[in-house]
Each structure stands twice: as C-alpha cells, then as structure tokens.
Amino acid sequence: MGDSFIRIKDDALVKLKNAYNEATQGYNQVSIKTKFIGTDTQKEAIKQFEELFNDREVAQDLWNTLRHTITNDDEESIEFSFCRYVRALTAWKYFLDNPDCHAFLCLFSKLPKPSDPKFDLHILHKYAGFLLDSHQNNIDGSVADTFFVLSSNNFEENKEKLLNELKDNKRRFIISAYQTIGVGQNLQFPVPSGLEPIHINSFPKHSNMDINGIYLDNPTNILVNIFGNNINDDEFIKYIFQLEFIRENGDFSLNQFKSKLDQAFHKYIGRYKPRSKAEDFISPYNTNAYSRYLNKIIIQALGRICRTNMKAPTIHILADASIRKHLIGFSLPEDVIPIREYTALLESAGESPNRSEDLIEAQNRASHKSNQTAVYIRRQLSTPWTKQSVKKWQELREQVLYQPSIVKESESNINWNNIYLHLPKPADSYYFSHENDYDNIEVFFSDDYGKREVKEVSEQTARLSELMKIDTLHKFFTDSNWATTFPKSQLMLTPPMFNNIYKGALGEVCGKHIFQNLLDIPLLELNIDEFELFDFKTEQNIYIEFKLWNDQIAVKADEIIDKICEKMAIVGAERVFVINILGSSNTHFQPIPSFGGKIIEVPYLCKNDKIDNLALKFLVNEF
C-alpha cells in the first residue's frame with residue numbers, strides 16, 4: 001500500500017483504548033459464557049447425538065437417513081453433514097436449556113433448506129421437535145415458530161419481521177449464514193417489556209438491546225476446495241491467489257508452494273498426478289494465514305451482537321470445536337482493539353505451547369521476501385535506466401547505508417519495508433543459502449540448516465567492522481549518518497539487498513572518498529545510458545569499479561576480465577581500474593594489468609586498519 005498505509009500512533013492508540021474501556025466499563029456486570037461444541041468424526045458425533053436424545057437408535061436413524069439421501073458423495077461428505085446436524089441440534093438444546101437466552105443467532109457456511117440432502121430444514125425441525133417435547137415450559141410455540149431462517153432472499157423484510165417478534169418478547173432461534181450477516185448488518189431489537197438489560201456505560205441508553213446468544217460454526221468456505229467437482233475458472237484463480245497469500249505469510253516454503261501449485265493445475269485440467277510429495281499433504285487449513293483470516297471472520301460475526309450499550313445479564317457464546325485450534329494462543333496486533341465477547345472466547349480456548357512452527361513460518365516468510373528482492377534487482381538491472389529509476393536506485397543505496405539493520409520496527413520507514421526481513425527475535429546476523437545468482441534463497445534464523453552450504457548476513461561478512469577501524473572512513477560514515485555497526489535488530493536487509501546493494505555501496509562510497517579526499521582525483525557519476533556498468537569515471541574517460549572482495553578467496557579472473565571488456569566496448573572506455581578496497585595483512589601490493597594494459601586490477605586500497613601508502617602512490621602515478 002506504500003504511502004497509503006498509515007499506522008496509528010502510540011498516543012492515539014492509547015486514547016482509543018481508553019475510550020473503548022470507558023464505553024464498555026459496565027461489562028463487569030455481564031457474564032459471558034463460552035463453550036466449544038461438536039466434533040468432526042462420525043463415531044464421536046453419534047455418541048454426542050445419543051447423549052442429546054438419550055437414545056442411540058435416534059442417532060443411528062439420522063445417519064441412515066443421510067446415507068440414503070446423500071447418494072452422489074463419498075462417506076466423508078455424509079460424515080461432514082451428520083456432524084453439522086449434531087452441532088446445530090446441540091446449539092438448539094443449549095438454547096432450550098437456557099431460558100434467559102432471549103435470542104440465539106446460529107451462523108453456518110450453508111443455510112438449511114427444505115429437501116436439501118446435506119442440510120435439510122425438515123430433518124432439522126423433526127429432531128429439534130423431539131428435543132422440544134421435554135422443554136415445553138421454556139418455549140411458547142412450535143419448532144417451526146421458534147426457528148427463524150434469515151437468508152439473503154427478502155432479507156430486509158424478514159429481518160424487520162424477526163426484530164418485531166423479538167420486541168414482542170418471543171424467543172427466537174435464528175439460523176443464518178456468514179455471507180448473509182455480513183459486516184454492518186444490525187440485528188439489535190427494541191427492548192421487550194419484562195426484560196431488564198444492563199446499561200454498560202455512562203452514555204445515553206439505547207432504545208434497542210443486543211442478541212445475547214450466538215453459535216459460530218466453522219466457516220469452511222474460506223478457502224476454495226479444489227477437490228470438489230467441476231471447479232470453475234474463477235474459483236481456480238481465487239485458489240491460486242489464496243496459495244500466494246499463504247506463501248506471502250510464510251506458512252509455505254517455496255517448495256511447498258510449488259508443489260501445491262502443481263497439484264492445483266493437475267486437478268484443474270483433470271490430469272492424474274501419479275506421485276505425491278511430502279509437501280502435498282500440508283493443508284492450507286493448518287496454516288497461520290488461515291487462522292488469522294478465520295479469526296477476522298469470528299470477530300466480525302461476534303460484532304453482530306455488539307451494537308448497543310444495553311446487554312442481557314448473560315451472553316452465551318458457542319463455537320464449533322474445530323475452530324478452537326485456530327484460537328489457541330492467537331494474539332491480535334497491538335493496534336486492534338478486541339470486543340469483550342471475542343476476548344472471552346479467545347481466553348477460553350487456552351494458551352498455546354511454544355511451537356517450532358513459529359520459527360519455520362518466520363524463515364519461510366523471510367525466504368519469500370528474499371526471492372522477491374532478488375527478482376526486483378535482476379529486473380531493474382535488465383531494464384533501460386531513466387532519470388527517475390536512477391534517482392530511485394541511488395535513494396535505495398543511501399537507505400541501505402543508513403540502515404542495513406533496524407533495531408526496532410517502529411524506527412523503520414514503511415516505504416522501505418520490502419527490502420528488510422523481520423527476525424523472530426533481535427539478532428545481529430542470520431544465515432542463508434542460495435543457488436546460482438541468488439535463486440531459491442532459503443533463510444535460517446538458527447544454526448539448524450542441515451547440510452546446506454550457507455552464508456551469513458552480518459557486520460563481519462560486510463567487512464564493515466574492518467572499514468570502521470580506519471579513522472578517516474569511520475569519521476566519514478559518522479558525518480554522513482551511515483551505520484558503523486550492526487546492533488541486535490528486529491529488521492535486517494534481505495540477502496540480495498545485503499550482498500548486491502549494501503556491499504556494493506560500501507565499496508563505492510569508501511573508494512570515492514579516498515579518491516577525492518586523499519588523492520584529489522574527482523570522480524564523475526555515469527551517464528544514464530551507462531549507469532551501473534561501472535561505478536564512476538574520470539574526465540580522462542577512465543572508468544572505475546570498486547570491489548569489497550575477500551582477497552583470501554580466489555576470484556575467477558578470466559570471467560571478470562571478459563565482462564569488463566564487454567562493458568568497455570559499450571562505454572568506449574580508455575582504461576578501467578578494478579580496485580579492491582580491503583586487503584589482508586599478508587597480501588602484497590601487486591597490480592595486475594591485462595588487455596594490453598587497458599584493464600588494471602588493484603589488490604587493495606586499505607590494509608592493516610589504514611589507507612595504504614603504496615596504493616596511494618601507485619594511483620597518483622597512474623592518474
């Protein structure tokens with residue numbers, strides 16, 4: 001979102017939280033009861049059904065009915081439908097057992113309809129009637145009178161009818177769908193005579209009160225089911241975007257994402273996929289991205305019963321047991337203020353144990369961002385430069401010099417978020433592996449990287465600590481407001497940004513400073529049509545390329561010379577100097593001429609924590 005994204009300031013957030021606390025101060029007089037119900041297995045569902053009716057034959061009767069009516073699906077689909085009936089009837093039994101619950105809202109992904117084999121309203125009425133027989137004192141009317149299915153058809157008209165019935169002191173068991181009762185829908189109703197709601201704040205009393213009971217079924221239609229029959233183009237495209245979202249969130253590694261993508265395409269085109277990989281069995285439903293989205297839906301659903309400052313003394317919240325694992329240990333961002341009902345449900349779900357999945361997720365997210373920045377760099381270098389793109393590139397170099405690492409995320413500029421990794425805990429280094437020219441990057445925030453050959457992102461591998469031992473360079477960096485160390489930080493540059501941009505920028509600024517301030521040799525910026533082919537040039541048409549090599553590691557000279565010759569021809573250079581900034585203490589100063597003396601390799605400018613006099617003398621004579 002770039003500049004369009006604005007994070008709430010800390011002081012503004014404190015004011016909002018205080019205002020919310022003031023608006024809900026009376027909740028200490030309200031009891032919020034929460035309970036998780038239901039199961040996903042036939043065996044346990046039949047047991048629960050038997051307990052509801054105190055009759056095993058009734059449970060078996062419903063199972064047999066479904067097996068005869070749902071004929072086009074497998075056993076798993078029948079089991080799913082059966083479990084949904086059990087949850088719906090468990091919620092109904094709860095409603096009957098709690099006469100203080102004036103209105104009870106049940107939200108499903110699918111609405112019950114007459115003669116729908118997977119969720120038949122007639123079947124629901126039939127078994128609800130059996131339960132009502134023993135609770136006649138709590139309900140004034142039949143099941144058909146008490147059940148109220150609120151669908152999108154004639155929604156406003158039906159909603160008005162419902163609210164009038166609630167106003168007239170009639171208890172109602174409301175069944176609707178998440179899609180129907182969306183954000184912004186108001187279901188509060190005029191306070192009936194005989195009910196005495198609690199006024200939860202000092203603001204004027206509302207004339208309406210909130211529904212005080214809700215059941216939240218697992219919203220199973222969040223993700224596209226590619227294993228259903230006849231997936232259409234729109235659903236397939238939506239599924240691809242969902243996979244990408246999960247990968248962006250860090251829940252899928254690159255290989256897992258590729259495997260899921262391959263699986264989706266095989267399913268879409270109807271081609272049999274003969275072999276399965278371990279990645280194929282990793283379900284999108286078991287990811288943190290899914291949990292976050294599900295929690296968003298739950299919060300929005302609970303918002304339907306949080307519209308007024310008039311509350312029943314007890315608020316009843318039931319939730320599908322399969323939701324619980326997505327609530328355990330879940331925490332909202334600091335700038336999200338949760339409603340009291342959601343907080344109660346979250347607390348009842350329990351605490352999460354420490355999970356290694358958190359580290360894996362952070363590494364996956366970091367790896368994905370690293371691969372994105374590698375693509376960005378390659379694309380930028382292969383695209384003709386313009387005045388605007390040159391300016392942006394130079395701003396990028398300035399940024400990485402200023403903040404190669406960021407101690408606190410709050411100190412970051414959101415415009416540069418895409419070049420940094422978020423570390424799971426503050427550190428001054430991390431590891432990564434890659435293939436070829438920064439392809440398939442994997443990031444590791446621990447030393448558990450197996451047999452992979454890894455490199456390190458750190459102050460040491462950037463050789464910043466060596467550069468800062470040179471007094472004139474340390475002063476230059478300090479005066480320029482550039483980083484002189486890598487403190488333990490929450491954010492650090494991605495590997496491509498660190499290696500290709502930051503280390504390159506270090507060499508350039510150090511080399512240019514030495515040339516212009518110690519050698520009195522002015523260096524010119526390159527023209528747009530030759531930008532990034534070299535680092536600088538002189539008025540004598542001599543081009544300069546600064547390097548920050550480790551001279552203890554062999555570099556393939558032939559490949560370098562060949563590339564430089566190609567670039568020389570493009571810019572029409574008289575000569576090219578390839579100058580390494582730092583040399584080790586035992587390296588001899590021995591420049592290497594090649595290509596008829598037109599290319600000169602200078603082994604170092606600095607050695608033993610100072611700028612080397614031999615190097616300076618050589619360059620003065622050459623220029």
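Bear in mind the structure is a predicted one, so any value in this text is a computation, not a measurement. (Residues numbered from 1 in each chain as written. Predicted model: local features only at pLDDT ≥ 70, side-chain atom pairs only at ≥ 80, totals over all residues. Heavy atoms only, no water.)

## Observations regarding the sheet that holds strand S16 (residues 489-493)
Point 1. The antiparallel open sheet is built from three strands, whose spatial order is S11-S16-S12. Looking at strand neighbours, the two that pair on one side only are strand S11 (405-406) and strand S12 (420-427), the edges of this open sheet.
Point 2. In this structure, S11 lies alongside S16, joined through two bridges in antiparallel fashion. Across the sheet, residue Ile406 finds its bridge partner in S16, namely Leu491. (Pairing = 2+ DSSP bridges. Helix = DSSP H or I, 4+ residues; strand = E, 2+ residues; numbered from the N terminus.)

## Things to note about the sheet that holds strand S2 (residues 103-108)
Point 1. Here six strands make up an open sheet; going across it, the order is S1-S10-S8-S2-S4-S3 and the pairing parallel. Unpaired on one side and paired on the other, strand S1 (31-37) and strand S3 (147-149) mark the two borders of the sheet. Between one strand axis and the next, the sheet turns through 15° on average, direction left out of account.
Point 2. Bridge analysis of S2 against strand S8 (residues 213-216) gives three bridges, and the strand direction is parallel. Residue pairing for S8: Leu105 is matched across the bridge by Ile214.
Point 3. The strands touched by helix H10 (residues 288-302) are S2, S8 and strand S10 (314-320); relative to S8, the strand with the most contacts, the crossing angle is about 160°. (Axes fitted to C-alpha atoms, helices over the stretch in contact; angles between N-to-C directions. Contact = heavy atoms within 4.5 Å.)

## Quick notes on the pattern of salt bridges
Point 1. Counted according to the given criterion, the structure contains 22 salt bridges.
Point 2. The partner of Lys311 in a salt bridge is Asp210, with the nearest N and O atoms 2.6 Å apart. Here Asp210 lies in the loop between strand S7 (208-209) and S8 and Lys311 lies in strand S9 (residues 310-311), a separation of 101 residues in the sequence.
Point 3. Residue class for Asp210 comes out buried when judged on its relative accessible area of 2%.
Point 4. Note that Glu361 is salt-bridged to Arg365, the shortest N-O span being 2.5 Å. Of the two residues, Glu361 and Arg365 are both situated in helix H13 (residues 357-381); the distance of four residues between them amounts to about one turn of the helix.
Point 5. Its relative accessible area of 31% is what places Arg365 among the partly exposed residues.
Point 6. Among the ionic contacts, a cluster of salt bridges with common partners joins Arg87, Asp217 and Asp320. (Salt bridge = Lys/Arg side-chain N within 4 Å of Asp/Glu carboxyl O. Buried < 20%, exposed > 50% of the residue type's maximum accessible area, 1.4 Å probe, protein only.)

## A few points about the pairing of S10
Point 1. For S10, a buried count of seven out of seven residues is recorded, marking the element as mostly surrounded by other parts of the structure.
Point 2. Residues of S10 alternate between two faces, with Thr314, His316, Leu318 and Asp320 on one and Ile315, Ile317 and Ala319 on the opposite face, all of them buried.
Point 3. As paired elements, S1 and S10 share seven bridges and run parallel to each other. Each bridged residue has a counterpart across the sheet, and for Lys33 the counterpart in S10 is His316.
Point 4. Note that S8 and S10 share four bridges and pair parallel. Note that in S10 the partner of Ile214 across the bridge is Ile317.

## Let's talk about the packing of helix H2 (residues 42-53) against helix H3 (residues 56-69)
How two helices sit against one another is set out by the angle between their axes and by the gap between those axes.
Point 1. Taken N-terminus to C-terminus, the directions of H2 and H3 make an angle of 130°; their axes are 7 Å apart at the nearest point. When the axis of H2 is compared with that of H3, the two are oblique. Considering only the axes of H2 and H3, their crossing is right-handed. Note on element contacts: H3 touches H2 through Arg56, Val58, Ala59, Gln60, Leu62 and Trp63, opposite Gln42, Ile46, Phe49, Glu50 and Phe53.
Point 2. Residues of the contact of H2 with H3, tallied by class, amount to seven nonpolar, two polar and two charged. (Parallel < 35°, antiparallel > 145°, perpendicular 65-115°, else oblique. Left-handed = near helix turned anticlockwise from the far one by under 90°. Nonpolar A, V, L, I, M, F, W, Y, C, P; charged D, E, K, R; others polar.)

## Topic: the packing of aromatic side chains
Point 1. Applying the stated rule across the entire model yields 37 aromatic pairs.
Point 2. An angle of 55° between the planes, with centres 5.6 Å apart, marks the rings of Phe108 and Tyr215 as tilted. Of this pair, Phe108 sits in strand S2 while Tyr215 sits in strand S8, and the two are 107 residues apart along the sequence. For the residue pair Phe108 and Tyr215, the accessibility class agrees, reading buried in each case.
Point 3. For the ring pair Phe236 and Phe265, a centre distance of 5.0 Å and an interplane angle of 80° mean the geometry is edge-to-face. Note that Phe236 is positioned in helix H8 (residues 233-249) and Phe265 in helix H9 (residues 254-268), a separation of 29 residues in sequence.
Point 4. Put simply, the rings of Phe49, Phe53, Trp63, Phe82, Tyr127 and Phe130 touch in pairs and so form one group of aromatic residues.
Point 5. Here Arg171 stacks its cationic end above the ring of Phe95, 4.0 Å away from the centre of that ring.
Point 6. Here the guanidinium or amino end of Lys567 rests over the ring plane of Phe534, the centre of that ring lying 4.9 Å away. (Phe/Tyr/Trp six-rings, centres within 6.5 Å; stacked < 30°, edge-to-face > 60°. Lys NZ or Arg CZ within 6 Å of the ring centre and 35° of its normal.)

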